[in-house]
Amino acid sequence: MRELENTSVVITGASRGIGESAAYTFAEAGARVVLLARDVAACNRTRDAIEASGGTALALACDVADYGQVQQALSEAHSRCGSLDVLINNAGVIDPIACLDTVDPAAWSHAVDINLKGVFNGVHIALPMMLAQGGGRILNVSSGAAQHALPGWSHYCAAKAGSAMLTRCVHAEFGDQGITVMGLSPGTVATDMQVKIKASGINAVSQLDPSVHIDPSWPAKALVWMCGEDASAFAGEEISLRDATIRAKLGLS
């Protein structure tokens, strides 16, 4: 079913993991997909695969921590696609994994620049475009870390908590102006990030057996569903893929 035909979808952190899987899933749903990441070579490979399958995709180099790069990328996406209907703020990093007394301050700050300020950058630049066209949808990929303190992850927990509040702020300010915003907390996903977490040996998440992590296609499918009217009841909130009711809606188990 191509329920997102003629919809323009921008995905940050699209070079791997959830972002890459979402690019394929949105393309299958008929969307024009714009892949943003620092690793544009990986995005180019995904773009080529999407186009080979009959889809439409654009790959652009972008570091979400750099406001100017986000502005340039979203402006080009809007110009090339004719609209900006959906923005998925997915880019995120888990490094540096270290406790507060030993973590490098510059690395800690840079992680927040990506995980929190990167979301703000996308929202701040996309909003005028979406408002001018009468509305749009912003989906922020969150984490259970937004609600639970985990040793070694202070930057990640603080940034994801900040992003969750930013979601609520966008809804409070623009929810009545055609902007639908919500977050997705996917749980633990089988990506490169989990490999780094496992290797760190810090906190309970690193002790999980890899078999418990869900496939990236699950959150990708959830993000497509979140673009439909059935998900609009969750505007301003975070949807958790740990919720059995949500999984049932998506046919995931």
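Please read these numbers as outputs of a predicted model, since none were measured by experiment.

A. Summary view of the pattern of salt bridges. The full count for this structure, using the stated rule, is seven salt bridges. With a closest N to O distance of 3.1 Å, aspartate 95 and lysine 196 form a salt bridge. Pair noted here: aspartate 95 is in the loop between β4 (86-89) and α4 (105-132) and lysine 196 is in helix α6 (residues 192-200), with a separation of 101 residues, a long-range link. Residue lysine 196 is classed as partly exposed on the basis of its relative accessible area, which comes to 42%. Across the pair arginine 137 and glutamate 229 runs a salt bridge whose closest N-O atoms are separated by 4.0 Å. Here arginine 137, found in strand β5 (residues 136-141), pairs with glutamate 229, found in the loop between α7 (217-225) and β7 (238-240); they are 92 residues apart in sequence, far enough to count as distant. Of the residues examined, glutamate 229 reaches a relative accessible area of 65% and is grouped as exposed. Residues joined in a network through salt bridges with shared partners are Arg16, Asp39 and Asp192.

B. Spotlight on unusual backbone geometry. Of note, the bond from aspartate 95 into proline 96 is cis; its omega dihedral lies within 30 degrees of zero at 5 degrees. Among the secondary structure elements, proline 96 is positioned in the loop between β4 and α4. One non-glycine residue, asparagine 203, adopts positive backbone phi at about 70 degrees. Tracing the backbone shows asparagine 203 in the loop between α6 and α7.

C. The sheet that holds β4, seen in detail. With parallel pairing, seven strands are arranged side by side in an open sheet as β3-β2-β1-β4-β5-β6-β7. Looking at which strands have only one partner, the edges of the open sheet turn out to be β3 (56-61) and β7. The mean inter-strand angle of the sheet, taken between neighbouring strand axes irrespective of direction, is 20 degrees. In this sheet, strand β2 (residues 32-37) lies alongside strand β1 (residues 8-12) in parallel orientation, the contact comprising five bridges.

Definitions and limits used
The numbers attached to residues start from 1 for each chain and follow its sequence in the written order. The predicted origin of the model limits local features to residues at a pLDDT of at least 70 and limits the giving and counting of side-chain atom pairs to 80 or more, whereas totals for whole chains, interfaces and linings rest on all residues. For the side-chain quantities, the full set of heavy atoms in the structure was used; hydrogens and water were omitted. The working definition used for a salt bridge is a side-chain nitrogen of Lys or Arg within 4 Å of a carboxyl oxygen of Asp or Glu. Runs of H or I in DSSP of at least four residues are treated as helices and runs of E of at least two as strands, each being numbered from the N terminus. For every residue, the accessible area obtained with a 1.4 Å probe (protein chains only) is divided by the maximum for its type, and the residue is called buried under 20%, exposed over 50%, and partly exposed between those limits. A strand pair is defined by DSSP finding two or more bridges across the two strands. Throughout, an axis means a line fitted to C-alpha atoms (over the contacting stretch in the case of helices), and angles, computed between N-to-C directions, take values from 0 to 180 degrees.

Purely spatial values, then, with no claim about function.
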